[in-house]
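So you can see what is in the structure, the chains are spelled out below.
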Amino acid sequence: QVQLVESGGGLVQPGGSLRLSCAASGSIFSINAMGWYRQAPGKQRELVAAITSGGSTNYADSVKGRFTISRDNAKNTVYLQMNSLKPEDTAVYYCAGGDYGVDYWGQGTQVTVSS
């Protein structure tokens, strides 16, 4: 069983940057895909970015060109670099992983973009 723990959330002004980290208790090397989801108040949880074990990435249209997902299998950690943040990026961000769906979820970290 893999446990995921997110960190790096916080309050940032519009236009600012944050880097989220997701540390896994076990190896993520064999997990096919790792990703970041977010859920804003009153909205459904949505996929923000995903990365496969081979390094292929996928992004939501709303974050393309601003967010970058990466994974360090040696450190069992997944990152989400978020630049040019907008108020609409405000949400709880969740790390997730799985082979043919989501098998593991983190507890979430709050990201608030506000002046």
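See the structure shown above.
Residues numbered from 1 in each chain as written. Predicted model: local features only at pLDDT ≥ 70, side-chain atom pairs only at ≥ 80, totals over all residues. Heavy atoms only, no water.

Asks: In this structure, what is going on with unusual backbone geometry? I would like to understand it.
Replies: A negative phi angle is the norm for most residues apart from glycine, just as the trans form is the norm for most peptide bonds. With phi around 50 degrees, Asn 76 is a residue other than glycine that occupies positive phi space. Here Asn 76 is to be found in the loop between strand E7 (67-72) and strand E8 (77-82). A positive phi angle is found at Ser 84, which is not glycine, with a value near 50 degrees. Topologically, Ser 84 is positioned in the loop between E8 and strand E9 (91-98). Judged by its relative accessible area of 41%, Ser 84 falls in the partly exposed class. (Helix = DSSP H or I, 4+ residues; strand = E, 2+ residues; numbered from the N terminus. Buried < 20%, exposed > 50% of the residue type's maximum accessible area, 1.4 Å probe, protein only.)

Asks: Sorry if this is basic, but what is going on with the nonpolar core here?
Replies: Most often, soluble globular proteins have nonpolar side chains that are buried together. By size, the foremost hydrophobic cluster in this structure holds 30 residues, and its most contacted members are Trp 36, Leu 80, Met 82 and Tyr 93. Sorting the residues of this core by element identifies strand E3 (18-24), strand E4 (33-39), strand E5 (46-52), E7, E8, E9 and strand E11 (109-113) as the ones contributing at least two each. Examining the composition of this core, we find that four residues originate from one element, E3, more than from any other. (Core = buried A, V, L, I, M, F, W, Y, C linked by side-chain atoms within 4.5 Å.)

Asks: Is there a simple way to think about the state of the cysteines in this case?
Replies: Covalently bonding the sulfur atom of one cysteine to the sulfur atom of another cysteine gives a disulfide. Scanning all chains against the criterion turns up one disulfide. Paired by a disulfide, Cys 22 and Cys 95 hold their sulfur atoms 2.0 Å apart. Judged by the sign of its S-S torsion, about -80 degrees, the cystine formed by Cys 22 and Cys 95 is left-handed. Separated by 73 residues along the polypeptide, Cys 22 in strand E3 and Cys 95 in strand E9 bring together distant segments of the chain. Taking the relative accessible area as the measure of exposure, Cys 22 reaches 1% and is therefore buried. (Disulfide = S-S within 2.5 Å.)

Asks: Whenever I open this one, the packing of aromatic side chains confuses me. Can you help?
Replies: Between two aromatic rings, the relevant description is the distance of the centres plus the angle of the planes. The final tally for this structure, using the stated rule, is two aromatic pairs. An aromatic cluster is present here, built from Tyr 37, Tyr 94 and Trp 105 joined pairwise through their rings. If you follow Arg 45 out to its NZ or CZ, it ends over the ring of Tyr 94, 3.8 Å from the centre. Above the face of the Trp 105 ring, Arg 45 is positioned so that its terminal group lies 4.6 Å from the ring centre. (Phe/Tyr/Trp six-rings, centres within 6.5 Å; stacked < 30°, edge-to-face > 60°. Lys NZ or Arg CZ within 6 Å of the ring centre and 35° of its normal.)

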